[in-house]
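Architecture and fold: a report
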Amino acid sequence: MHSIQENKTEPLLSIDDLSVEFISGENVQRAVKNISFTINKGETLALVGESGSGKSVTAHSILRLLPYPLARHPSGKIIYQGKDLLSAAPEYLRKVRGDRIAMIFQEPMSSLNPLHTIEKQINEILMLHKGMNAKQASARTLELLTLVEIKDPAQRMSSYPHELSGGQRQRVMIAMALANEPELLIADEPTTALDVTVQLTILELLKDLQERLGMSILLISHDLNLVRRVAHRVCVMRDGEIVEQASCPQIFKNPQHPYTQELLGAEPSGTPVPHTASDTLLETQDLRVWFPIKKGIFQRTVDYVKAVDGISFSLQRGQTLGVVGESGSGKSTLGLAILRLIHSKGGIFYAGQAIDGLSQKQVRPLRRDIQVVFQDPFGSLSPRMSVSDIIGEGLMLRNKSKPLLLHCMKLTLIQILGTAIPMSFRGGNASELQLLAPWCLSRS
């Protein structure tokens, strides 16, 4: 049963026969193939499908955010307020973007400006589209950050994106998208980096705005439980095509297309791999990471943010240890401290060896054995290297003494992966690449 009533059928935006192609040298890849659907006023339409199916490309096409001229539309129209957005003037698009149509992006770290504070970035939207002065915009920004449950919002307004956790950055993106109370909100995986309690809060917030403003939502998600709870209609995408679209109850109760049936039956399940007691591989003792809060002309330390405060645990070889908690609770900071990527105090032991006192040069040989998959793939994959170079880097580091093998590996990777850069991949595909890179290093 849906919490939002399906009582509005007036079209807000229509997509007709849309196709999208990406050009790379002489190669042309068609990512979206002649799709059509309508988003009605006040309804939530969900686009679901596996990574690389064309969901995000479709959403980015609405606001013309694709990397033109490397992207093109061989066919199709996107009609909003009687105008085709694909052929609209840049001035009209600037008025629509962020005001009447807003978007929550999938990768907050690569969407937020690293040189500007959170306050400045949200203020800019309000001052540009709402005509607010700086004082009014700051007050509204504080209200928005409180609304999305940012901890210590007044203090966080002066923070830069890198000073926030992944979940906090996602909440900032949501606050920015809701700032101007848009007619259409495009939400690309809006709750992926959020803990369960905040997910519920954000969903309630979106529902409230939808009911109060008649706002429409285009929801892009792989979370079928989320889709089941909030969507009125669902479009299922595969290989750039919409293979099925119907009301949400019909999709979940009586799916018609074999791929839809496969998708609904593919929700994760299982149990941990059986484990027998063995020697301790990793151990921490009273591990602490405190970030100083500095104020005044001389930047004196007046307090600390205790991101990790006295954590002790042990992990046996072959065992999986889960670290859970809400956004900003210190999970990622704990991982970075263990990897010796940030300064910490306390004991860190790997295979019986104390590594907390080692220099970066002494830690480097351990990088092959202690690997990491970061939360944000686009923030951790080099934008200047091709995908084949990124994946091959680990193989090449381990096979410098075998030049012939090295040459064959490089040719094979280029043949398989091509010369594309990470930004040409969508979020799910980039995450898969991120998993492959450390695997290559550990296997080489």
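Throughout what follows, the structure given in this document is the object of discussion. (Residues numbered from 1 in each chain as written. Predicted model: local features only at pLDDT ≥ 70, side-chain atom pairs only at ≥ 80, totals over all residues. Heavy atoms only, no water.)

1. Digging into the sheet that holds strand β12 (residues 280-295)
- The strand order across the open sheet built from four strands is β13-β12-β14-β15, with neighbouring strands paired in antiparallel fashion. Single-partner strands in this sheet number two, and they are β13 (300-316) and β15 (353-354).
- Bridge count between β12 and strand β14 (residues 345-350): five bridges; the pairing is antiparallel. Bridge pairing in β14 links Glu283 to Phe349. (Pairing = 2+ DSSP bridges. Helix = DSSP H or I, 4+ residues; strand = E, 2+ residues; numbered from the N terminus.)

2. So, helix α12 (residues 331-338)
- Inspection of α12 places Thr333, Leu334, Ala337 and Ile338 among the buried residues, and these make up the whole buried set. Take α12 and look down its axis: the buried residues cluster within an arc of 140 degrees, on one side only.
- The secondary structure elements touched by the buried residues of α12 are β12, β13 and β14.
- A positive backbone phi angle near 65 degrees is found at Arg340, which sits one or two residues after α12. (Buried < 20%, exposed > 50% of the residue type's maximum accessible area, 1.4 Å probe, protein only. Arc of directions from axis to C-beta. Contact = heavy atoms within 4.5 Å.)

3. Focus: a nonpolar patch on the surface
- Residues Leu341, Val372 and Phe374 make up a contiguous nonpolar surface patch of about 220 Å² in total accessible area.
- Structurally, Leu341 is set in the loop between α12 and β14.
- With a relative accessible area of 43%, Leu341 lands in the partly exposed category. (Patch = residues over 30% accessible without salt bridge, like charges linked within 9 Å, V, L, I, M, F, W, Y side chains within 5 Å. Areas by Shrake-Rupley, 256 points an atom, 1.4 Å probe, with all protein chains shown as cover. Salt bridge = Lys/Arg side-chain N within 4 Å of Asp/Glu carboxyl O.)

4. Topic: a negative patch on the surface
- On the surface, Glu50, Asp239, Glu241 and Glu262 cluster together to form a negatively charged patch.
- Within the secondary structure, Glu241 sits in strand β11 (residues 241-247). (Lys, Arg positive; Asp, Glu negative; His and termini not counted. Charge placed at Lys NZ, Arg CZ, Asp CG, Glu CD.)

5. Things to note about the nonpolar core
- If you look at the biggest cluster of nonpolar residues, it comprises 48 residues, and the most contacted ones within it are Ile122, Leu145, Val172, Leu185, Leu219, Val227 and Val234.
- Among the elements that line this core, the one with the most residues is helix α7 (residues 166-178), at seven residues.
- One finds Val20, Ile35, Ala88 and Ile101 within the second-largest nonpolar core, a separate group that totals 35 residues. (Core = buried A, V, L, I, M, F, W, Y, C linked by side-chain atoms within 4.5 Å.)

6. Topic: the pairing of strand β5 (residues 77-80)
- In β5, alternate side chains face the same way, and those of Ile78 and Tyr80 are buried while those of Lys77 and Ile79 on the opposite face are not.
- Of the pairings in the sheet, the one linking strand β1 (residues 11-24) to β5 comprises four bridges and is antiparallel in character. By the bridge assignment for β5, Leu13 is matched with Tyr80.
- One ladder, built from two bridges, connects β5 with strand β6 (residues 83-84); its direction is antiparallel. In the strand pairing of β6, Tyr80 is matched with Lys83.
- Hairpin connection, β5 to β6: the antiparallel pair is bridged by two residues, and Gln81 has positive phi, about 55 degrees.

7. Comments concerning the environment of Ala354
- Relative to the assigned elements, Ala354 resides in strand β15.
- For Ala354, a relative accessible area of 38% puts it in the partly exposed group.
- Residues Ala354 and Glu283, 71 residues apart in the sequence, show an inter-C-alpha distance of 9.3 Å.
- In contact with Ala354, not counting residues within four places along its chain, are Ile348 and Phe349.

8. Quick notes on the sheet that holds strand β9 (residues 216-220)
- The mixed open sheet is built from six strands, whose spatial order is β7-β8-β9-β3-β10-β11. Two strands in the sheet have a free side with no partner beyond their single neighbour: β7 (101-104) and β11. Within this sheet the neighbouring strands show an average axis-to-axis angle of 15 degrees, counted without direction.
- Bridge analysis of β7 against strand β8 (residues 184-188) gives four bridges, and the strand direction is parallel. Bridge pairing in β8 places Met103 opposite Ile186.
- Together, β7 and β8 form the strand contacts of α7, whose direction differs from that of β7 by roughly 175 degrees. (Axes fitted to C-alpha atoms, helices over the stretch in contact; angles between N-to-C directions.)

9. Notes on helix α1 (residues 55-62)
- When you tally the buried positions in α1, you get eight out of eight residues, the bulk of the element.
- By the burial criterion, the buried members of α1 are Lys55, Ser56, Val57, Thr58, Ala59, His60, Ser61 and Ile62.
- Arg64 occupies a position one or two residues after α1 and carries a positive phi of about 55 degrees.

10. Considering the packing of aromatic side chains
- Considering all chains together, one arrives at one aromatic pair under this definition.
- Judged by centre distance (5.6 Å) and plane angle (50 degrees), the rings of Trp290 and Tyr304 are tilted. With Trp290 in strand β12 and Tyr304 in strand β13, this pair connects stretches of sequence that are 14 residues apart.
- Its guanidinium or amino end placed over the ring of Tyr68, Arg64 lies 5.7 Å from that ring's centre, counting from NZ or CZ.
- It is Lys83 that lies over the ring of Tyr92; its NZ or CZ is 4.2 Å from the centre. (Phe/Tyr/Trp six-rings, centres within 6.5 Å; stacked < 30°, edge-to-face > 60°. Lys NZ or Arg CZ within 6 Å of the ring centre and 35° of its normal.)

Just distances and angles here, no functional claims.
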